[in-house]
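Here's the letter readout for the chains.
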Amino acid sequence: MKLENVMAKRADKIIYRDGDRVIKVFSADKKKSDVLNEALNQARVEESGLQIPKIFDVTRLEDGRWAIVMEHVEGKTIAQLMEEDAAHVDKWLQTFVDLQLKMHEKKVPLLNKLKDKMMRKIGETDYSATVRYELNVRLESMPKHTKLCHGDYNPSNVIVDKNGNASIIDWAHATQGNASADAARTYLLFCLSDKKDLAEKYLKLFCEKSDTAKQYVLKWLPIVAASQSVKGKPEEKAMLSEWVDVVEYE
């Protein structure tokens, strides 16, 4: 296992390529339980038949850091393709939404429930007891579904190979639950990346293709915004608070 060819660096991990394998090496302070949970999520989703990288191994390096070894998918992310092929952004957005809808058709019954995760995240926020109560009331009122949800579905997490086949990567946040919550998260991620126009195009396309009311997806927005706030990114705080505060006035 060679850790020489760096593909990407993140705050809590470095991703290497070693031949036909990708090695995701986590920082020393990453909890073992989080690493094992991510690998288990991916293995369970793999069994659903959805096209994703296959897990080969979970190992601990000599320096104590944990790593997940998985299949390398050759290609470009949809984020890269949108940037390189600006004239055909709408085409790539269609591909992006179609794949998300295909994912939502899958059932992975052993994954954690999205509602349970959202409730836990709401409890971890620093919003007032009143706001947390309103968020939990809204969450409890939402229909209970068991669709496969990615939890971080954005164009950087979809790789398209030379034959046009698309694979979804990064399953750390996978749950089973309501597809509209997953769509609200994607909409939120576009907005936080200062891509509001693309966010609106995405939401319109998702709602048309899934026959879902836009208002229903947006009803999830305060909940997913609250869960995002737990990450503690200062640059996101003001925007997330605007969405969360909606619950106080409805």
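Structure shown above.
Summary of the structure given here. The residue numbering used here restarts from 1 in each chain and proceeds along that chain's sequence as written. It should be noted that, the model being predicted, local features are given only for residues of pLDDT at least 70 and side-chain atom pairs only at 80 or more, the latter also being counted only at that level, while totals for whole chains, interfaces and linings use all residues. No hydrogens and no water enter the side-chain calculation; it runs on all heavy atoms of the structure.

## Quick look at the sheet that holds strand S5 (residues 66–71)
So, step 1. In this analysis, strands are considered paired if DSSP registers two or more bridges between them. Strands here mean DSSP runs of E at least two residues long; helices mean DSSP runs of H or I at least four residues long; both are numbered from the N terminus. Ordered in space as S1-S2-S3-S5-S4, the 5 strands form an open sheet in which the pairing is antiparallel. Two strands lie at the open edges of the sheet, namely strand S1 (5–10) and strand S4 (55–60), each paired on one side alone. Sheet twist, expressed as the mean angle between neighbouring strand axes with direction ignored, is 20 degrees.
So, step 2. Of the strand pairs in this sheet, strand S2 (residues 13–18) and strand S3 (residues 21–26) are connected by 6 bridges, and their pairing is antiparallel. Axes here mean lines fitted to C-alpha atoms, for a helix over just the part in contact, with angles spanning 0 to 180 degrees between N-to-C directions.

## Quick word on the side chain of Asn157
So, step 1. One can find Asn157 in the loop between strand S7 (147–149) and strand S8 (158–160).
So, step 2. When its relative accessible area of 8% is taken as the criterion, Asn157 is described as buried.
So, step 3. Pairs of N or O atoms within 3.5 Å make up the polar contacts considered here, provided that, within protein, one atom can donate a hydrogen while the other can accept it, and that residues adjacent in sequence are counted only when both atoms are side-chain atoms. From its side chain, Asn157 meets the backbone oxygen of Asp152 in a polar contact 2.9 Å long.
So, step 4. Two residues form a contact once any of their heavy atoms are found within 4.5 Å. Those residues in contact with Asn157 that sit more than four places away from it in its chain are His150, Asp152, Ser167, Ile168, Ile169 and Asp170. Using a 1.4 Å probe on the protein chains alone, a residue whose accessible area is under 20% of its type maximum counts as buried, one over 50% counts as exposed, and one in between counts as partly exposed.

## Section: the pattern of salt bridges
So, step 1. Should a side-chain nitrogen of Lys or Arg be within 4 Å of a carboxyl oxygen of Asp or Glu, the pair is scored as a salt bridge. Within the structure shown, the criterion is met by 13 salt bridges.
So, step 2. Residue Lys13 pairs with Asp12 through a salt bridge whose shortest N-O separation is 3.3 Å.
So, step 3. Residue classification places Lys13 among the buried positions, given a relative accessible area of 16%.
So, step 4. The closest approach of N and O atoms between Asp170 and Lys24, which form a salt bridge, is 3.9 Å. Of this pair, Asp170 sits in the loop between strand S9 (166–168) and strand S10 (175–177) while Lys24 sits in strand S3; the two residues are 146 residues apart in sequence, bridging distant segments of the chain.

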